[in-house]
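Single-letter residue listing:
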Amino acid sequence: MLSMTGYGRAEYSENGLNLVVELKSVNNRNLDLNCKTPRMFLALEDVIRKTVQTYVKRGRVDLFINFSDTREKTSCVEVDINKANAYYNASKVIAESLSLPNDVSVSMIMKSPDVIIDGANPDATEFEEIVRSTVENACVKLNLMRKVEGEKLVTDMLSRMDTISELAEKITVRAPLVADEYKQKLKARVEEFLKEVKYDEARLLSEVAFYTDRVNIDEELTRLKSHVAQFKKIVFDNESGKKLDFLMQEFNRETNTICSKSNDIQVTKYALELKNEIEKVREQVQNLE
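Conventions and cut-offs
- Residues numbered from 1 in each chain as written.
- Predicted model: local features only at pLDDT ≥ 70, side-chain atom pairs only at ≥ 80, totals over all residues.
- Heavy atoms only, no water.
- Salt bridge = Lys/Arg side-chain N within 4 Å of Asp/Glu carboxyl O.
- Helix = DSSP H or I, 4+ residues; strand = E, 2+ residues; numbered from the N terminus.
- Buried < 20%, exposed > 50% of the residue type's maximum accessible area, 1.4 Å probe, protein only.

This structure, assessed with the given rule, holds 19 salt bridges. Across the pair E136 and R132 runs a salt bridge, and its minimum N-O distance is 3.5 Å. Within this pair, E136 and its partner R132 are both found in helix α4 (residues 128-194), separated by four residues, close to a single helical turn. On the accessibility criterion, E136 (27% relative accessible area) is partly exposed.

Laid out in structure tokens, this is it:
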């Protein structure tokens, strides 16, 4: 099981080429990959994305690439003469319109955008394998950290599952006593009001039976214990974050029903403690892939 929170860094440095890849991930419902790379690597973005998707299935991932090429290169400068003419003609129009001398020089035109083109710029595909392998190494390191974090989360959640089981067992023990206590209180109240007058015992038992059925939480407790068993099994599967997220909704549903049916202070107290533990587990589940 992997956490969605982690950091990975890989570096390539050889023959004058220096490439650093950094990955930072946090939790998110689906995979949201944000690439920040040098402009020359735009053509490689698909390769980068597919490589990351092999290692990361969910979470918001920020990827940063820094690159420098210090190799000796043969100078190759090209001129866009059409663009240079356009700049010069524009300067003449401005000078004539404003009745000003045209002081545009060759050096000024050379500094204009896109007039001088560096023809020695390499093709990005030249670095495709270097970029792919370095991104892959960064992903491996990212997953190593995510695995350590995930194992810590699993250990803590399993501990909380044991607490949930203990609370469910306490409710299981307490629940049958609620109806019996209600019967005794109702009988004492009837006898107090009617005193020596005889009352219909069958009517009393019927009222107790109706109350017992209304507050019965056996099904909810059975499902709650089943959810705990499922959680302990699913938590060790890969990419089970979404399954566990759904399962935690079921935990909440059963606990809410117990709270609504409960007419006993002690059962309500246990149920509220259950909700507290379930909420803590739910928050941690949302950080699992």
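That was the structure; now back to the text.
It is worth spelling out the side chain of H227 at this point. Note that H227 resides in helix α6 (residues 218-234). Here H227 falls in the buried class, since its relative accessible area comes to 8%.

Residue S99 is not a glycine yet carries a positive backbone phi of 55°. For S99, the location among the structural elements is in the loop between α2 (81-98) and α3 (106-110). Phi is positive for D114, close to 70°, though the residue is something other than glycine. In this structure, D114 sits in the loop between α3 and β6 (116-118). For D114, a relative accessible area of 52% translates into the label exposed.

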